[in-house]
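Read off the chains here:
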Amino acid sequence: MKKEKHKKKNKNMKKHIDKSCLYGNNIITLIKHFIKHKIKQYEKEETIMLQQVMTNPGEIIFREVPVPEVKENQVLVKIMNIGVCGSDIHVYHGKHPFTKYPVTQGHEVSGEITELGKNVTEFHVGQKVTIEPQVYCGHCYPCRHGKYNLCEELKVMGFQTTGTASEYFAVDASKVTPIPEDMSYEEGAMIEPLAVAVHGVKQMGDVAGMNIAVLGAGPIGNLVAQAAKGMGAAKVMITDISDLRLAKAKECGIDMCVNTLNKDFGEAMIEAFGPDKADVIYDCAGNNITMGQAIKYARKGSTIVLVAVFAGMAEVDLAVANDHELDIKSTMMYRHDDYIDGIRLVNEGKVHLKPLISKTFAFKDYLKAYKYIDDNRETTMKVIINVSEK
């Protein structure tokens, strides 16, 4: 009897042990499956990224694409911030003459280097950078003479070739410019439009000691005025018909801010600079009214620099320009030294970028950003897309 009870007890104990082992094995199996799933998920996250695509005017999708492989002379940049500019808005409305769809946008950009090609030695992983978005041939006359911004085959990222609106972007190291560690990524994304302004100011040469008038107080006009002042101009006057934009210019340290709805441009110039008027006028509005004002009121023998892009054919009085022997110049984008000078001006506290930031949107809210700009055109300066925020 005792023996039978003992056998029964052993049998029950064996069943209990078997159940415990089975339960334990199940837990181990579950843990293994969980770890395997997480590894696959991590590997997918490491090799797949989100990319913005404007499929048609006013239509944006996001697709999963492989993270680009880095070639030997390239770096991989984790994109942090992207600025939206006037040309992007033209693409959004289907009014950019040199952009086809679908297109991935993004040319005002900041980010962090995450990988180096084997031949790249001048940068390091973790370094803050901005990207110069010009793609040029290197063989035409302008390229051979250092004016690659005027390349006969020029393409710009985000317009004629793939832009940076992705979580990661592989780019030639030669197109990468470091930004200071204490510069925010939002400011870093604004170095590109600042380089436009710096290059525009330089069309007059050395502006130190000059009196300068800027027509148009939008983002580029504001930055032209700030850059001119930072580069040594004696006095800078800026005009617009928006009190908000003029208030921003004042906040950024511009000497005279004039609303030409309330005051005649010619009178404002004499009030600001005396009878000798301005040494140079920068047209950053780009319309028949502002260019007409510049030609009519410019001091004889002085210079006008057209910075803005005209939307259509200009109708201006070239007879007066001829009679007054006005030197009318133009400007196109920038070169590397303009980036360097722009960064230096920010570093020295001579150019202020943060006051120009109107609003920031998450990456997947790209379309909302455009709608916000359309709905708030008169009160918006610069909108930033935060790619790291989904």
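Fair warning: this is a prediction, and the values are worked out from it, not measured in the lab. (Residues numbered from 1 in each chain as written. Predicted model: local features only at pLDDT ≥ 70, side-chain atom pairs only at ≥ 80, totals over all residues. Heavy atoms only, no water.)

Remarks on the overall build of the protein
Link 1 in the chain: What the protein contains, in helices and strands, is 12 helices and 17 strands.
Link 2 in the chain: Classification of the 390 residues of the protein by burial places 47% in the buried group.
Link 3 in the chain: Summed over all atoms, the accessible surface of the protein reaches about 20100 Å², with 53% contributed by carbon and sulfur. (Helix = DSSP H or I, 4+ residues; strand = E, 2+ residues; numbered from the N terminus. Buried < 20%, exposed > 50% of the residue type's maximum accessible area, 1.4 Å probe, protein only. Areas by Shrake-Rupley, 256 points an atom, 1.4 Å probe, with all protein chains shown as cover.)

Quick look at the nonpolar core
Link 1 in the chain: With 85 residues, the main nonpolar core has Val75, Ile131, Ile212, Val214 and Tyr282 as its most contacted residues.
Link 2 in the chain: Per-element accounting of this core gives the leading share, 7 residues, to helix H5 (residues 191-202).
Link 3 in the chain: With sequence-adjacent residues up to four places away left out, Tyr282 is seen in contact with Gly200, Val201, Met204, Val207, Ile212, Ala213, Val214, Leu215, Val224, Val305 and Val307.
Link 4 in the chain: Residues Met269, Ile281, Tyr297 and Ala321 belong to the second largest nonpolar core, which totals 20 residues. (Core = buried A, V, L, I, M, F, W, Y, C linked by side-chain atoms within 4.5 Å. Contact = heavy atoms within 4.5 Å.)

As for the packing of H5 against helix H11 (residues 336-347)
When two helices pack together, their arrangement is given by the angle between the helix axes and by the axis-to-axis distance.
Link 1 in the chain: Contact geometry for H5 and H11: axes closest at 8 Å, N-to-C directions at 105 degrees. Viewed along their axes, H5 and H11 adopt a mutual orientation that is roughly perpendicular. Residues Ile191, Glu192, Leu194, Ala195, Val198, His199 and Lys202 of H5 touch H11, and the partners they reach there are Asp337, Asp338, Tyr339, Asp341, Gly342, Ile343, Leu345 and Val346.
Link 2 in the chain: In terms of residue class, the contact of H5 with H11 is built from 8 nonpolar, 2 polar and 5 charged. (Axes fitted to C-alpha atoms, helices over the stretch in contact; angles between N-to-C directions. Parallel < 35°, antiparallel > 145°, perpendicular 65-115°, else oblique. Nonpolar A, V, L, I, M, F, W, Y, C, P; charged D, E, K, R; others polar.)

Regarding the sheet that holds strand E13 (residues 280-283)
Link 1 in the chain: Strand order in this open sheet of 6 strands is E12-E11-E10-E13-E14-E15, and the pairing throughout is parallel. Two strands close off the open sheet at either side, each with one partner strand: strand E12 (256-259) and strand E15 (327-330). The mean angle between the axes of side-by-side strands here comes to 20 degrees, regardless of whether they run parallel or antiparallel.
Link 2 in the chain: Along the sheet, helix H6 (residues 219-230) contacts strand E10 (211-215), strand E11 (235-240) and E13; its crossing angle with E11, the most-contacted strand, is approximately 175 degrees.
Link 3 in the chain: Lying over the sheet, helix H8 (residues 265-273) contacts E10, E11, E12 and E13, oriented at roughly 160 degrees with respect to E11. (Pairing = 2+ DSSP bridges.)

Structural notes on the pattern of salt bridges
Link 1 in the chain: Scanning the model with the defined rule gives 15 salt bridges in all.
Link 2 in the chain: Here Lys263 ties to Glu271 by a salt bridge, and the two come within 2.7 Å at their closest N and O atoms.
Link 3 in the chain: A relative accessible area of 29% places Lys263 in the partly exposed class.
Link 4 in the chain: In this structure, the salt-bridge partner of Asp279 is Arg299, at a minimum N-O distance of 3.1 Å. Of this pair, Asp279 sits in the loop between H8 and E13 while Arg299 is found in the loop between helix H9 (288-297) and strand E14 (303-306), placing the two residues 20 residues apart along the sequence.
Link 5 in the chain: Among the charged side chains, a salt-bridge network with shared partners connects Lys202, Asp337, Asp338, Asp341, Arg344, Glu348 and Lys350. (Salt bridge = Lys/Arg side-chain N within 4 Å of Asp/Glu carboxyl O.)

A short note on unusual backbone geometry
Note: most residues except glycine have negative phi, and most peptide bonds are trans.
Link 1 in the chain: Note the cis peptide between Tyr101 and Pro102, where omega equals 0 degrees.
Link 2 in the chain: For Pro102, the position within the fold is in the loop between helix H2 (86-92) and strand E4 (108-116).
Link 3 in the chain: With a phi angle near 55 degrees, Lys277 is a residue other than glycine that sits in the positive phi range.
Link 4 in the chain: Relative to the assigned elements, Lys277 resides in the loop between H8 and E13.
Link 5 in the chain: Positive phi, normally seen in glycine, also occurs at Glu325, with a value near 50 degrees.
Link 6 in the chain: With respect to the helices and strands, Glu325 occurs in the loop between helix H10 (318-323) and E15.
Link 7 in the chain: A residue is classified by how much of its surface remains accessible, and Glu325, at 65% relative accessible area, is exposed.

Comments concerning the packing of aromatic side chains
Link 1 in the chain: On inspection of all chains with the given rule, the structure shows 8 aromatic pairs.
Link 2 in the chain: Seen from their ring centres, Tyr92 and Tyr370 are 4.5 Å apart, and the 5 degrees between their planes marks the pair as stacked. Here Tyr370 lies in helix H12 (residues 366-375) and Tyr92 lies in helix H2, a separation of 278 residues in the sequence. The same class applies to Tyr92 and to Tyr370, which are both buried. (Phe/Tyr/Trp six-rings, centres within 6.5 Å; stacked < 30°, edge-to-face > 60°.)

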